[in-house]
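Residues per chain are reported as follows:
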Amino acid sequence: MDPMEKIFGKTAQMTVLKNLIEHQNESTYLSGIAEETGLSHSSVSRVITPLIESGIVIEKPLGKQIRTFQLNMDSEATRLIIDFYNKINQILK
């Protein structure tokens, strides 16, 4: 079991956040996150919204219907989450 899941449980939002952390220097699409995590498009869309609203994730429109997502590395909260993720994985693995 993943160390983050041991602490917080397996939720859709945690799964999406973990996926974005693991690809932190890349932009991705909603469908890419859904495919990599096994979540539905609607689940990813639902749980990524609060991450965008809190400034942890940046959403960039690409055309009229396509959106890309990436961690907001300018956000102190994002950097703290990544630091916590890395440290907890070192301790509990």
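Naming follows an unreviewed UniProt entry, where the protein appears as HTH iclR-type domain-containing protein of Methanosarcina thermophila.

Novice: Go over a nonpolar patch on the surface, please, and point to the residues and values.
Specialist: A contiguous nonpolar patch, built from Ile7, Phe8, Phe84, Ile91 and Leu92 and spanning about 470 Å² of accessible area, is present on the exposed surface. Listed by contribution, the elements that provide at least two residues to the nonpolar patch are α1 (3-8) and α5 (76-92). Among the elements that take part in the nonpolar patch, α5 stands out by supplying 3 residues, more than any other.

Novice: Give me the lowdown on the nonpolar core, citing residues and values where you can.
Specialist: The biggest cluster of nonpolar side chains holds 21 residues, and the ones touching the most others in it are Val16, Leu20, Ile33, Ile48, Leu51, Val57 and Leu71. If you list the elements that add at least two residues to this core, you get α2 (12-22), α3 (30-37), α4 (41-53), β3 (66-71) and α5. Sorting elements by how many residues they give to this core places α2 first, with 6 residues. Contacts of isoleucine 33, omitting those with residues within four sequence positions, involve Val16, Asn19, Leu20, Thr28, Val44, Ile48 and Phe69.

Novice: Explain the sheet that holds strand β1 (residues 28-29) residue by residue, including any values.
Specialist: Pairing is antiparallel across the open sheet formed by 3 strands, whose spatial order is β1-β3-β2. Strands at the two margins of the open sheet, each flanked by one partner only, are β1 and β2 (57-62). Alignment of β1 against β3, held across 2 bridges, turns out to be antiparallel. Bridge pairing in β3 links threonine 28 to phenylalanine 69.

What counts as what
- Residues numbered from 1 in each chain as written.
- Predicted model: local features only at pLDDT ≥ 70, side-chain atom pairs only at ≥ 80, totals over all residues.
- Heavy atoms only, no water.
- Patch = residues over 30% accessible without salt bridge, like charges linked within 9 Å, V, L, I, M, F, W, Y side chains within 5 Å.
- Areas by Shrake-Rupley, 256 points an atom, 1.4 Å probe, with all protein chains shown as cover.
- Salt bridge = Lys/Arg side-chain N within 4 Å of Asp/Glu carboxyl O.
- Helix = DSSP H or I, 4+ residues; strand = E, 2+ residues; numbered from the N terminus.
- Core = buried A, V, L, I, M, F, W, Y, C linked by side-chain atoms within 4.5 Å.
- Buried < 20%, exposed > 50% of the residue type's maximum accessible area, 1.4 Å probe, protein only.
- Contact = heavy atoms within 4.5 Å.
- Pairing = 2+ DSSP bridges.

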